[in-house]
Amino acid sequence: MRVRKQRRHRKAVRFYTACFGFRQPFRVLCDGTFVHHLVANKIAPADKALSDILAASVKLYTTRCVLNELRRLGGSHAHSLNAAKDLSLARCDHEGKMKADGCILEIIGENNPEHFFVATQDTDLRRKLLEIPGVPAIYGLRNALFLEQPSTSQRQFVKSSEEGRLHMTELERKMLKRRTTNILGAKESNDSSDEQEDFQEQNLELSTVEKPQAAKNVLGVKDKVQFKRKKAKGPNPLSCLKKKTHENSKHSSEKEKKDGDGTVRSRGRKRKRSRKGKTSSDIGN
């Protein structure tokens, strides 16, 4: 039983955090009836009990109107008044002159901008709160606390808001139409400018081709290519041998002339003897 209750509470908390932006630590707005229930059933500490059912850290609030209502109830609610004084005060401009349920409804407003969990034992107040989108309600039963499941009106509000986000509004449709017309107009102007530039480039190319041809015709230049005749050229100087000089021969002839009569002395050539050619008589000597 406890596991099923915790599962239902986690599912409801996930619904409010995902669809309405509730964030930790959760803020719980308590009225006089809820504080009196906590004191009468000895549920303490209150923040620990509420954090157990929400599975997150909490911060408890009340209002001046709630404190004044507990004061008017007399001594039977003195302990409840002392317990309520320990809670933080939510801002209200009534200065304690309004009923507690009216003060809480005014703080919640149309869409609960402060993201309050409202803890109350008043069934009529709980019914009114569940009709407002994004307002979770907490109540006590003996020594246990419970979180109300999201009502059908709250679920229908979430579904309709999601469908509305999927479709465009009339203002968005007008803005989209204006942007598309501007983009198409800019594209058409760019295409026309590109066509004009291409046409001008083609005219320039034709004019550049026609002008040299007209100049050639005026000067009498032939269009056909004329080949030059090849003329006989000399030998390649790199492939030719250099001429030999006879200076060295003259110097050698002058050195060989030693006699006064001008005869040229021929050099004799000595013949070397080998050992094999020696005779026996030569060996004996």
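See the structure shown above.
Since we're looking at a predicted model, the values are computed, not measured.

**Focus on the sheet that holds strand β2 (residues 58–62)**
Logical step 1: Read from one edge to the other, the open sheet built from 6 strands follows the order β3-β2-β1-β4-β5-β6, with strand pairing classed as mixed. Each end of this open sheet is capped by a strand with a single partner; those strands are β3 (88–89) and β6 (144–147).

**What about a positive patch on the surface?**
Logical step 1: A contiguous patch of positive charge, built from Arg 4, Arg 7, Arg 8, Arg 10, Lys 11, Arg 14 and Arg 155, is present on the exposed surface.
Logical step 2: No other element matches helix α1 (residues 2–20), which puts 6 residues into the positive patch.
Logical step 3: Position of Arg 155 relative to the elements: it lies in helix α8 (residues 152–166).

**Some words on the packing of aromatic side chains**
Logical step 1: Summed over the entire model, instances satisfying the criterion amount to 9 aromatic pairs.
Logical step 2: Where Tyr 61 meets Phe 116, the ring centres are 5.7 Å apart and the plane angle is 75°; that geometry is what we call edge-to-face. Highlighted residues: Tyr 61 in strand β2 and Phe 116 in strand β4 (residues 116–119), separated in sequence by 55 residues.
Logical step 3: Look at Phe 116 and you get buried, because its relative accessible area is 3%.
Logical step 4: Aromatic rings pair up to connect Phe 15, Tyr 16, Phe 20, Phe 22, Phe 26, Phe 117 and Phe 157 into one cluster.
Logical step 5: Just above the ring of Phe 146 sits the side chain of Lys 5; from NZ or CZ to the centre is 5.0 Å.
Logical step 6: A cation over an aromatic ring shows up here: Arg 155 above the ring of Phe 15, its NZ or CZ 5.2 Å from the ring centre.

The rules behind each value
Residues numbered from 1 in each chain as written. Predicted model: local features only at pLDDT ≥ 70, side-chain atom pairs only at ≥ 80, totals over all residues. Heavy atoms only, no water. Pairing = 2+ DSSP bridges. Helix = DSSP H or I, 4+ residues; strand = E, 2+ residues; numbered from the N terminus. Patch = residues over 30% accessible without salt bridge, like charges linked within 9 Å, V, L, I, M, F, W, Y side chains within 5 Å. Areas by Shrake-Rupley, 256 points an atom, 1.4 Å probe, with all protein chains shown as cover. Salt bridge = Lys/Arg side-chain N within 4 Å of Asp/Glu carboxyl O. Lys, Arg positive; Asp, Glu negative; His and termini not counted. Charge placed at Lys NZ, Arg CZ, Asp CG, Glu CD. Phe/Tyr/Trp six-rings, centres within 6.5 Å; stacked < 30°, edge-to-face > 60°. Buried < 20%, exposed > 50% of the residue type's maximum accessible area, 1.4 Å probe, protein only. Lys NZ or Arg CZ within 6 Å of the ring centre and 35° of its normal.

Function cannot be read off these values alone, since they describe shape.
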